[in-house]
Amino acid sequence: MKHIDIADVLHKSELIGTEAVVCGWVRTYRDSSAVAFLELADGTSFARLQVVVDKNAVSLDAECTKCGASVCVRGEVVKAFRGDGAELNAREVKLLGKCPNDYPIQKKRTSLEFLRTIPHLRLRTNTFTAVFRVRSVAAQAIHRYFHDRRYYYINTPLITASDCEGAGEMFRVTTQPWNAKYEREDAYFKEDFFGQKAGLSVSGQLEGEVAATALGRIYTFGPSFRAENSNTTRHLAEFWHVEPEIAFAELPDVMEIAEDMIKTVIRTVMAECPEEMDFFEKFMEPGLKAKLSNVVESEFGVLDYTDAIELLKKADVSFQYPVEWGCDLQTEHEKYITEHVFKKPVFVINYPKEIKSFYMKQNADGKTVAATDLLVPGIGEIIGGSEREADPEKLLAAMKARGMDLSAYRQYLDLRTFGTVPHGGFGLGFERFVMYVTGMENIRDVTLFPRSVKNIM
Ligand code: 4AD
Ligand code: MG
């Protein structure tokens, strides 16, 4: 259908005085004896287009006035009666699709909980169109950030036989019938599609390292899967993962890149989505724009894990989980560090090796690894990264200490055998990042169809 976007009608002043055809969904309808007003949305802009219908000159089907109906309007673009921008004086209003009165998305604001029960329709609200425009702009900005700096975009396999994080959170991939009966596990997997145990990848890092040790700098941007039994506002079973991997890089380089990327992408979102950001500021997180400006302008904090433990022990707060050197930081600890102490993003570095993954570079103290988590106020961890262990002997020892099946990692070990280099990278949870920039408080509200424990709508 030949038509133009509402975003163009609203913002391109050269269209004033011309005839235009727009298509969209009716959001509101008002009416007086002589004139009717339809507000249309077509997804291209946060602001809607006001269509003015002279009832004496243009026939208006009653179905076209219902919230949710889809219509096609031909009319003259005129300067808006109020404010800047434009509106459309209708010459013809055609019904495309009726929308009965039980349409669940009505004018009044509905709760996010209710909207989660209708994931296929919730996108038609202001909140969700704004979230998904921001999500798209942020994704493009991430690609641009890496492309402009000569990182190559690679696509790593989603089905894998090796578990990157070693946390036992892999979904199994199988074609075995439900009643298959075997004496032993290996016999069972031998009969399976791949002839061995396979699962959905929790991270593209291991294959990312393969590519980085040939192409220099790479990044992945794709889904990762985790069968974590955590029903929280920050965990999904399927999330999008941004994972750059850089050859000839040490931990400080990795942190510098992470900080620069976060700041660059936030700047782009603020510049390209001003109306959406105003909306989130008003309805989701008062102070959001000042928070993000502060992030862009200030330097992220850096805190050694050992100092973090000291700081938490001295804190005048009773934590649910006690703190001791060697413990994993819980969300309550992460929030205390970022929200009460730093009030900005903080890199926590040099974690005890026992609580981190096998591939992380072992520090000279023999106790810690060159790992970093980026914690932000309101959410906690949004990035996990590290320098990788480049020494084949040390890597092998770390894998053996964890009782890993070395046969699944032969290729990974080869990277250290043949021309090993210092290298590192990080993983950004894309949904958590979108939460951070929009102020949305539940990860289920920044992804189209959230998958989480006992939920696959
Ligand atoms: O800290 P993680 O587990 O690190 C890795 O997977 C590394 N292999 C990354 C790398 O160095 N290339 O995960 C990275 C990030 C987390 O900081 C978090 O933001 C996000 O991925 N994440 C999740 N997001 C939503 N739901 C989940 N279940 C997530 N698990 C991790
Ligand atoms: Mg992590």
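The rules behind the values
- Residues numbered from 1 in each chain as written.
- Chains lettered and ligands numbered in written order.
- Predicted model: local features only at pLDDT ≥ 70, side-chain atom pairs only at ≥ 80, totals over all residues.
- Heavy atoms only, no water.
- Helix = DSSP H or I, 4+ residues; strand = E, 2+ residues; numbered from the N terminus.
- Buried < 20%, exposed > 50% of the residue type's maximum accessible area, 1.4 Å probe, protein only.
- Lys, Arg positive; Asp, Glu negative; His and termini not counted.
- Charge placed at Lys NZ, Arg CZ, Asp CG, Glu CD.
- Core = buried A, V, L, I, M, F, W, Y, C linked by side-chain atoms within 4.5 Å.
- Contact = heavy atoms within 4.5 Å.
- Near = heavy atom within 4 Å.
- Polar contact = N/O pair within 3.5 Å; in protein donor to acceptor, adjacent residues only side chain to side chain.
- Areas by Shrake-Rupley, 256 points an atom, 1.4 Å probe, with all protein chains shown as cover.
- Phe/Tyr/Trp six-rings, centres within 6.5 Å; stacked < 30°, edge-to-face > 60°.
- Pairing = 2+ DSSP bridges.
- Expected span 1.5 Å × (residues − 1).
- Salt bridge = Lys/Arg side-chain N within 4 Å of Asp/Glu carboxyl O.
- Axes fitted to C-alpha atoms, helices over the stretch in contact; angles between N-to-C directions.

## Details of the overall build of the protein chain
Here is step 1: Counting its secondary structure elements, the protein chain contains 13 helices and 15 strands.
Here is step 2: The principal-axis extent of the C-alpha atoms belonging to the protein chain is close to 85 × 55 × 45 Å.
Here is step 3: A buried classification covers 50% of the 457 residues belonging to the protein chain.
Here is step 4: Across the protein chain, 56 positive and 66 negative side-chain charges occur, with their mean positions spaced 4 Å apart.

## Comments concerning the nonpolar core
Here is step 1: If you look at the biggest cluster of nonpolar residues, it comprises 90 residues, and the most contacted ones within it are I262, F280, L428 and F433.
Here is step 2: The element that contributes the greatest number of residues to this core is helix α3 (residues 126-148), accounting for twelve residues.
Here is step 3: Among residues more than four places away in sequence, those in contact with I262 are F300, L374, I382, I383, L428 and F433.
Here is step 4: Grouped together as the second largest cluster of nonpolar side chains are 31 residues, Y305, V348, M360 and V369 included.

## Some words on the site of ligand 1
Here is step 1: Neighbouring ligand 1 are 25 residues, the closest being E165, Q205, R226, E228 and E381.
Here is step 2: In the model, an oxygen atom of ligand 1 is placed 3.4 Å from a nitrogen or oxygen of the I383 main chain.
Here is step 3: A distance of 2.9 Å separates an oxygen atom of ligand 1 from a polar atom in the side chain of R388.
Here is step 4: A total of 630 Å² of accessible area belongs to ligand 1 in isolation, and the protein chains cover 94% of it.
Here is step 5: Within the residue set of the shell around ligand 1, elements represented by two or more residues are β10 (238-247), β14 (380-387) and β15 (423-429).
Here is step 6: Take the shell around ligand 1: its biggest share by element is five residues, from β14.

## Structural notes on the packing of aromatic side chains
Here is step 1: Under the definition given, this model contains 19 aromatic pairs.
Here is step 2: An angle of 25° between the planes, with centres 4.7 Å apart, marks the rings of F146 and Y219 as stacked. Taken as a pair, F146 in helix α3 and Y219 in strand β9 (residues 217-225) lie far apart in primary sequence, 73 residues in all.
Here is step 3: On the accessibility criterion, F146 (0% relative accessible area) is buried.
Here is step 4: Residue classification places Y219 among the buried positions, given a relative accessible area of 3%.
Here is step 5: Judged by centre distance (5.2 Å) and plane angle (25°), the ring pair of Y153 and Y219 falls under stacked. Here Y153 is found in strand β6 (residues 152-153), whereas its partner Y219 is found in strand β9, with 66 residues between them in sequence.
Here is step 6: With a relative accessible area of 40%, Y153 lands in the partly exposed category.

## So, the environment of K361
Here is step 1: Structurally, the position occupied by K361 is in the loop between β12 (346-352) and β13 (368-376).
Here is step 2: Each C-alpha atom of the pair K361 and E393 lies 12 Å from the other, and the pair is 32 residues apart in sequence.
Here is step 3: Discounting chain neighbours no more than four positions away, the residues touching K361 are T368, V369, A370, E387, R388 and E389.

## A look at the environment of L215
Here is step 1: Of note, L215 is situated in helix α5 (residues 205-215).
Here is step 2: Considering only alpha carbons, one finds L215 and E245, 30 residues apart in sequence, at a separation of 10.0 Å.
Here is step 3: The residues contacting L215, other than those within four sequence positions of it, are Y152 and I154.

## Notes on the pairing of strand β4 (residues 70-79)
Here is step 1: The buried fraction of β4 amounts to seven of the ten residues, a majority that puts the element mostly inside the structure.
Here is step 2: As defined by bridge partners, strand β1 (residues 19-31) adjoins β4 across seven bridges and the pair is classed as antiparallel. Looking across to β4, one finds that V21 is bridged to R74.
Here is step 3: Where β4 lies against strand β5 (residues 86-97), ten bridges are found, and the strand directions are antiparallel. What sits directly across from E76, in β5, is N89.
Here is step 4: Joining the antiparallel neighbours β4 and β5 is a turn of six residues, in which G83 adopts a positive phi near 70°.

## Digging into helix α10 (residues 331-342)
Here is step 1: The end-to-end C-alpha distance of α10 is 15 Å, a good match for the 16 Å that twelve residues give at a rise of 1.5 Å each.
Here is step 2: Regarding α10, the residues found buried are H333, E334, Y336, I337 and T338.
Here is step 3: Contacts made by the buried residues of α10 are with β11 (301-304), α9 (305-314), β12, β13 and β14.

## Details of the pattern of salt bridges
Here is step 1: The full count for this structure, using the stated rule, is 24 salt bridges.
Here is step 2: The closest approach of N and O atoms between E19 and R91, which form a salt bridge, is 2.6 Å. Within this pair, whereas E19 is found in strand β1, its partner R91 is found in strand β5, the two being separated by 72 residues in sequence.
Here is step 3: Several salt bridges converge on common partners, so that one network encompasses E19, R74, E76, R91 and E92.

## Digging into the sheet that holds β1
By definition, the strands of a sheet pair up through backbone hydrogen bonds, in either a parallel or an antiparallel sense.
Here is step 1: One closed barrel accounts for five strands, arranged β1-β2-β3-β5-β4; its pairing is mixed. Strand-to-strand twist of the sheet, defined as the mean angle between neighbouring strand axes without regard to direction, takes the value 55°.
Here is step 2: The pairing of strand β2 (residues 35-41) with strand β3 (residues 49-54) spans six bridges and is classified as antiparallel. Residue pairing across strands places E39 opposite Q50, the latter belonging to β3.

## What about the sheet that holds β13?
Here is step 1: Spatial strand order, β6-β9-β10-β15-β14-β13-β12-β11: eight strands in an open sheet with mixed pairing. Each of the sheet's edge strands pairs with one partner strand only, and the pair in question is β6 and β11.
Here is step 2: As judged from the nine bridges shared by β9 and β10, these two strands associate in the antiparallel manner. Across the sheet, residue F221 finds its bridge partner in β10, namely V242.
Here is step 3: This element, helix α13 (residues 430-438), spans β9, β10, β13, β14 and β15 of the sheet and lies at about 60° to β15.

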